[in-house]
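Structural overview for review
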Amino acid sequence: VFFFKQKTAYEISACLVGSEMCIRDRYQPSKAGNQKQPQKNMVQHRHEQDDGDEQEEEQKGEEAVCEFCGQFNEGFLNQDVYDVHLWRECPMLTMCDLCNQVVKISELNEHLIDECEKRKLNRKCPRCKESVLASEYQDHVEEMACIPAKSLNIANRCPLCHSDIPPGKQGWQVHLLEDGCPNNERN
C-alpha cells in the first residue's frame, strides 16, 4: 500500500515517510566497531556502561516519538504501530482526496498543485493561493469570495478550514495540535 508523498513518493509498507526522509533509515548512531580498546578498571567500565544505557534509553525515547506531531508512545518502537499512527491518527498529516497519499497538512496545497498524480484536476487560485478543483476554478475566481492570501511571514493558510493561522512551523503546531483545526478529522 503506498501513500506518503512529499517531494517524492514513499511506500508505507516499506515504512517510508516525510519530506525526503525514511523513518526506518533515520539517523541511528552506529555501535563501536571491532577496534581494540585499552583495558579499563571495573569502576570506569561500569560507569561507561551506565552512560551507554542512558544513551540507549534516550535513543529509544526519541524513536518512540512521532516526528510530525511529537506524540510519545512506547508502541511506536514497533514500526507497524507507528505506521498506523501516521496513516490514520497523526493530526499533522492528512490523506489527499485525489490520490490517497498521506501528506503534511502544511504542504497539502503544494501537493495538490505540484506533486499529486492527479494535479491536473487542480488549479491555484491567484487570490487565495489555494488549490481549487479545475472544474470549479472559473466560478471560484469570478466570485472573488475567497480570502486573499497573506505573506507567509504574516500568516499560513490552513487548507482544511481555510483560516489564516500564525506563521511558521509553530503556527501549524498551535493550529493542528493545540487549538485543533475544526476540519481536521484526526483531532
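Summary of the structure given here. In this text the structure is predicted, and so the values were computed from the model without any measurement.

1. What to know about the overall build of the chain
Counting secondary structure elements, the chain contains five helices and eight strands. Reading the chain from its N end, one meets helices and strands in the order β-β-α-α-β-β-α-β-β-α-β-β-α. Counting only residues that meet the buried cut, the chain has 34% of its 187 residues in that class. Restricting to contacts in the chain with at least 6 residues of sequence separation, those with at least 24 account for 32%.

2. Points about the environment of Ser-106
With respect to the helices and strands, the residue Ser-106 is situated in the loop between strand S4 (102-104) and helix H3 (108-115). For Ser-106, a relative accessible area of 35% translates into the label partly exposed. Taking the C-alpha atoms as reference points, Ser-106 and Thr-94, twelve residues apart in sequence, are found 9.6 Å from one another.

3. Observations regarding the pattern of salt bridges
As enumerated under the stated definition, the model contains four salt bridges in all. Residues Lys-104 and Glu-107 are paired through a salt bridge, measuring 3.8 Å at the closest nitrogen-oxygen approach. The buried category is assigned to Glu-107, whose relative accessible area is 18%. Lys-150 is the salt-bridge partner of Asp-164, the closest N and O atoms lying 3.4 Å from each other. Remark: Lys-150 occurs in the loop between helix H4 (134-143) and strand S7 (156-157) and Asp-164 occurs in strand S8 (residues 164-165); sequence separation between them is 14 residues. According to the relative accessible area criterion, Asp-164 is partly exposed, its value standing at 28%. What makes Lys-150 partly exposed here is its relative accessible area of 47%. Salt bridges here are not isolated pairs; linked through shared partners, they connect Glu-130, Lys-150, Arg-157 and Asp-164.

4. A closer look at the packing of aromatic side chains
Summed over all chains, the structure comprises one aromatic pair. The ring of Tyr-137 carries Arg-123 above its face, with NZ or CZ at 3.9 Å from the centroid.

5. Looking at unusual backbone geometry
Even without being glycine, Asn-100 reaches a positive phi, approximately 65 degrees. Within the secondary structure, Asn-100 sits in the loop between strand S3 (93-95) and S4. Taking relative accessible area as the criterion, Asn-100 reaches 39% and is therefore assigned partly exposed. Although it is not a glycine, Lys-129 adopts a positive phi angle of roughly 65 degrees. Tracing the chain through its elements places Lys-129 in the loop between strand S5 (122-124) and strand S6 (131-133).

Calculation rules
Residues numbered from 1 in each chain as written. Predicted model: local features only at pLDDT ≥ 70, side-chain atom pairs only at ≥ 80, totals over all residues. Heavy atoms only, no water. Helix = DSSP H or I, 4+ residues; strand = E, 2+ residues; numbered from the N terminus. Buried < 20%, exposed > 50% of the residue type's maximum accessible area, 1.4 Å probe, protein only. Contact = heavy atoms within 4.5 Å. Salt bridge = Lys/Arg side-chain N within 4 Å of Asp/Glu carboxyl O. Phe/Tyr/Trp six-rings, centres within 6.5 Å; stacked < 30°, edge-to-face > 60°. Lys NZ or Arg CZ within 6 Å of the ring centre and 35° of its normal.

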